[in-house]
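Geometric and topological summary
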Amino acid sequence: MARSLKWRLISLFCLLIAASVGLLSIFLSNHLENSYLDNLQSRLVQEATLLSEIVPEHISEDPDSFDAYIKELGASLDIRLTVIDPGGQVLADSLQSPSDMENHSTRVEFIDALKNGLGTSVHQSASLGYEMLYVAIPVKSGTEVLAVVRVALPVEEVYAAVGDVDRTILLSALISILAAGLLAVWVAASLTRPIKELTAIARRIARGQMDAVQIEVSGKGEMEELAHAFRLMTERLRDSINAVSSERDRLSAVLERMGDGIFLLDCEGTISLLNPAAERIFKLEAKSVIGHSFVEAIRDHEIHSIFEHSKSSGKQEMGFVELASGRRFLGIIATPLVSQSGYLVLVQDLSELRRLEKVRRDFVANISHELRTPISSLKLLTETLQEGAASDAAVAAGFIEKIHLEVDKLAQLVTELSDLSAIESGQAVLNLQPGDISTAIKLAAARLSPQAERAGISLGVELPETLPQVKLDENRIEQVLVNLVHNAIKFTPKGGRIKIGARTQGQILVVYVSDSGIGIPEDDLTRVFERFYKVDKARSGGGTGLGLAISKHIVQAHGGDIWAESRYGKGATFSFSLPLG
């Protein structure tokens, strides 16, 4: 886990201070050591110079006397004093017997003294076994070198003094680093506290808690300016999110309530969004198709080809597709989004419009057919009369009777169309009164019994002992029953049976007319209540084709429903319902 900014700052400050103090300590230690050695060397140079002036007076003495003198002189000066002849042989030494000492011709200080007039060196004494600082100066008589005077002092004292100073410096450095560390903790805490507060606020904003955020941050100067900028950013972000949320809600509401299907695809044709209408049209579930390809979800190459054309052309493409399943007729519009970031596919279910268009065409064709026959008959009859038939009174009377019949058919057609239009538009006001449906059933049966007898058909009524009263327009309901029974008589062969009945079913009253006629094909059951609709030529004889359409609208005006049930060749049952209460 990454360390926090506070501890990174503290670590950085401590490292910088420790490095600075360490470098300073090393510099001071080296400087003090060099200074001690320089001072010691200066002293030894002075003493060696002084001795180089004294030694010539005694160097001619016998070796033992001279060695004794050197030992006495070294003890008085508290230094090591050595006299070396030009060949490197020790003549006298204040601490050692000259005979026990090795030749010094290879010593650095001896060589430099002979060569440069002064030689210095720090090395371990072979005879004493510890490190010393040596200074050597030649003893001359004129230009002749008589000997080399070498003075020396141990450097342990120097190192001991430097060590004491180093320990003092180290202690001071540790104290400085500790104090600096505490200062760094305070400074880092002061710097990071407002940052932590802003971080906590940012996390609350990220969780969507902007309304509850109060941006109050400790700190002055830049931190105060940062908090102010953060406050402005939060307010603008809150406004932007509210605007986006509002826009999203409006868009979601539009998509939810649209009747047209919407697919939102990315550049590769993968579904990222679809609305409920698209789910309904293609029988999909959003959670199972989002993230899948468009063609995989809809499984229709014609629709997918319209999308591919839009993708390749970069323009809006339109087309129409008829689905084999469900007999749906769809209009497809594929549109590239701005900056080619994806595609919008609009699916319009035009099945109902197409059905209505077909109904309109059928209506025009049917009414043309219904009008053509009587008009043609009238034209033929009138032309025949004009051509001389009018001179024969008996023939003319027959033709006039036929003209009356055709005019009556036209009048019936116009009347039924007028009734249908009035009922559909709500202009026909129903006289709803509480009544007994049995009365309307018995009246309709009595009215059509003679016609059924002439056709050789049995017409019966099946009613329970009691039926609840319903609100109805008795004349209109009787009209419905007459239309249904007349239709049953027309399409039931001789020897057949027709039954009229009623029953209660929950909160509705169901009235039915069943026959043992030729029945209705299953595909035509949903269309028999359309205007002028006729199943086939076998059922097209007589009538205007408007009776069932009028019956449907009368029942719906009562708040009920009407439907047909049939097995082709096994008869049919027409039923309608009326609400109770």
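What counts as what
Residues numbered from 1 in each chain as written. Predicted model: local features only at pLDDT ≥ 70, side-chain atom pairs only at ≥ 80, totals over all residues. Heavy atoms only, no water. 1 Å grid on protein atoms, 1.4 Å probe; cavity = no way out; pocket = protein on both sides within 12 Å on 5 of 7 lines; lining within 4 Å. Points joined across faces, edges and corners; volume = space filled by probe spheres on them. Helix = DSSP H or I, 4+ residues; strand = E, 2+ residues; numbered from the N terminus. Nonpolar A, V, L, I, M, F, W, Y, C, P; charged D, E, K, R; others polar. Axes fitted to C-alpha atoms, helices over the stretch in contact; angles between N-to-C directions. Left-handed = near helix turned anticlockwise from the far one by under 90°. Contact = heavy atoms within 4.5 Å. Pairing = 2+ DSSP bridges. Patch = residues over 30% accessible without salt bridge, like charges linked within 9 Å, V, L, I, M, F, W, Y side chains within 5 Å. Areas by Shrake-Rupley, 256 points an atom, 1.4 Å probe, with all protein chains shown as cover. Salt bridge = Lys/Arg side-chain N within 4 Å of Asp/Glu carboxyl O. Buried < 20%, exposed > 50% of the residue type's maximum accessible area, 1.4 Å probe, protein only. Polar contact = N/O pair within 3.5 Å; in protein donor to acceptor, adjacent residues only side chain to side chain. Phe/Tyr/Trp six-rings, centres within 6.5 Å; stacked < 30°, edge-to-face > 60°. Expected span 1.5 Å × (residues − 1). Arc of directions from axis to C-beta. pLDDT = per-residue confidence, 0-100. Core = buried A, V, L, I, M, F, W, Y, C linked by side-chain atoms within 4.5 Å.

It is worth spelling out the layout of surface pockets at this point. As a volume, the second largest pocket reaches approximately 460 Å³. Lining the second largest pocket are 15 residues, and of these Arg-327, Ser-351, Arg-355, Lys-358 and Arg-527 lie nearest its centre. Ranked by residue count, the leading element in the lining of the second largest pocket is helix H10 (residues 351-386), at 6 residues. Of the residues in the lining of the second largest pocket, the class split is 3 nonpolar, 2 polar and 10 charged.

Each pair of packed helices gets described by two things: the angle between the helix axes and the distance between those axes. Running from N to C, helix H12 (residues 437-454) and helix H13 (residues 474-490) cross one another at 35°; their axes reach a closest spacing of 9 Å. Both H12 and H13 take part in a crossing whose hand is right-handed. Facing H12, whose interface residues are Ile-437, Thr-439, Ala-440, Ile-441, Leu-443, Ala-444, Arg-447, Leu-448, Gln-451 and Ala-452, H13 presents Glu-474, Ile-477, Glu-478, Leu-481, Val-482, Val-485, His-486 and Ile-489. Considered class by class, the residues forming the contact of H12 with H13 number 12 nonpolar, 3 polar and 3 charged.

Pairing is antiparallel across the open sheet formed by 5 strands, whose spatial order is S7-S6-S10-S9-S8. The outermost strands of the open sheet, each flanked by one partner alone, are strand S7 (271-274) and strand S8 (317-323). The mean angle between the axes of side-by-side strands here comes to 20°, regardless of whether they run parallel or antiparallel. Pairing of strand S6 (residues 261-265) with strand S10 (residues 343-349), which is carried by 5 bridges, proceeds in the antiparallel orientation. Bridged to Phe-263 within S10 is Val-345. Of the strands in this sheet, S6, S8, strand S9 (328-336) and S10 touch helix H9 (residues 301-313), which is tilted by about 170° from S8.

Here we have 5 strands laid out as an open sheet, ordered S2-S1-S5-S4-S3, and antiparallel in their pairing. Two strands close off the open sheet at either side, each with one partner strand: strand S2 (90-93) and strand S3 (119-124). Each strand axis lies, on average, 25° off the axis of its neighbour in the sheet, ignoring direction. Inspection of the sheet shows strand S1 (residues 80-84) paired to strand S5 (residues 144-154) by 5 bridges, in the antiparallel sense. Counted as the bridge partner of Ile-84 is Val-148 from S5.

Quick look at the packing of H13 against helix H14 (residues 547-557) now. Put simply, H13 and H14 touch, their axes get as near as 9 Å, and they point 145° apart. As for the relative orientation of H13 and H14, their crossing is left-handed in sense. The residues of H14 that touch H13, namely those facing Arg-476, Gln-479, Val-480, Asn-483, Leu-484 and Asn-487, are Gly-547, Leu-548, Ile-550, Ser-551, Ile-554 and Val-555.

Where nonpolar side chains cluster on the molecular surface, the patch consists of Leu-24, Phe-27 and Leu-28 and spans about 290 Å² of accessible area. With respect to the helices, strands and loops of the structure, Leu-24 is situated in helix H1 (residues 5-54). Owing to a relative accessible area of 48%, Leu-24 belongs among the partly exposed residues under this scheme.

This part takes up the pairing of S3. Residues Gly-119, Ser-121 and His-123 point to one face of S3 and are all buried, whereas Thr-120, Val-122 and Gln-124, pointing to the other face, are not buried. In this sheet, strand S4 (residues 131-141) lies alongside S3 in antiparallel orientation, the contact comprising 6 bridges. What sits directly across from Gln-124, in S4, is Glu-131.

As a further point, take H14. Counting buried positions over the 11 residues of H14 gives 8, a clear majority of the element. For H14, the set of buried residues is Gly-547, Leu-548, Ala-549, Ile-550, Ser-551, His-553, Ile-554 and Val-555.

Among the structural elements, Ser-566 can be located in strand S16 (residues 562-566). A distance of 2.8 Å separates the side chain of Ser-566 from the backbone nitrogen of Ile-520, its partner in a polar contact. What Ser-566 contacts, discounting residues up to four positions off in sequence, is Gly-519, Ile-520, Leu-525, Gly-571 and Ala-572.

The description of an aromatic ring pair rests on the distance of the ring centres and on the angle between the ring planes. In the structure shown here, the tally under the stated rule is 6 aromatic pairs. Ring geometry for Phe-263 and Phe-282: centres 5.7 Å apart, planes at 65°, overall edge-to-face. Here the residue Phe-263 occupies a position in strand S6, and Phe-282 occupies one in helix H6 (residues 276-282), the gap between them amounting to 19 residues. Put simply, the rings of Phe-263, Phe-282, Phe-294, Phe-307 and Tyr-343 pair up and form one aromatic cluster.

As a further point, take unusual backbone geometry. In the Ramachandran plot, Lys-283 falls in the positive-phi region, its phi being about 55° despite a non-glycine side chain. Take Lys-283: it is sitting in the loop between H6 and helix H7 (286-289). In the Ramachandran plot, Arg-299 falls in the positive-phi region, its phi being about 55° despite a non-glycine side chain. Relative to the elements of secondary structure, Arg-299 occurs in the loop between helix H8 (294-298) and H9.

Before going further, it helps to examine helix H2 (residues 63-77). Relative to the 21 Å expected for 15 residues at 1.5 Å per residue, H2 spans 21 Å between its end C-alpha atoms, a close match to the ideal helical length. Turning to H2, its buried residues are Phe-66, Asp-67, Ile-70, Leu-73 and Gly-74. With its buried residues spanning 125° around the axis, H2 presents them on a single face. Away from the buried face of H2 by more than 90 degrees, exposed residues Asp-64, Glu-72, Ala-75 and Ser-76 are located. In the stretch just after H2, Asp-78 is the one whose phi turns positive, near 60°.

Turning our attention to the environment of Leu-95. For Leu-95, the location among the structural elements is in the loop between S2 and helix H3 (108-116). Spatially, the C-alpha atom of Leu-95 lies 8.8 Å from that of Leu-128, the residues being 33 residues apart in sequence. When neighbours within four sequence positions are excluded, Leu-95 is seen to be in contact with Arg-80 and Leu-128.

The subject of this paragraph is the confidence of the model for the protein. Detailed reading of the predicted coordinates is not advisable wherever pLDDT falls low. Per-residue confidence for the protein gives a mean pLDDT of 80, with 87% of residues at or over 70. Ranking the helices and strands of the protein by mean pLDDT puts strand S15 (residues 508-515) first, with 93, and helix H11 (residues 393-425) last, with 72.

We now examine the nonpolar core. One finds Ile-437, Ile-477, Leu-481, Ile-500, Val-513, Phe-574 and Phe-576 to be the most contacted residues of the largest nonpolar core, which totals 41 residues. Considering each element in turn, this core owes the most residues, 8 residues, to H13. Excluding its chain neighbours within four sequence positions, the residues that come into contact with Ile-477 are Ile-437, Ala-440, Leu-472, His-558, Phe-576 and Leu-578. Counting residues in hydrophobic clusters, the runner-up holds 24 residues, among them Phe-282, Phe-307, Leu-330 and Tyr-343.

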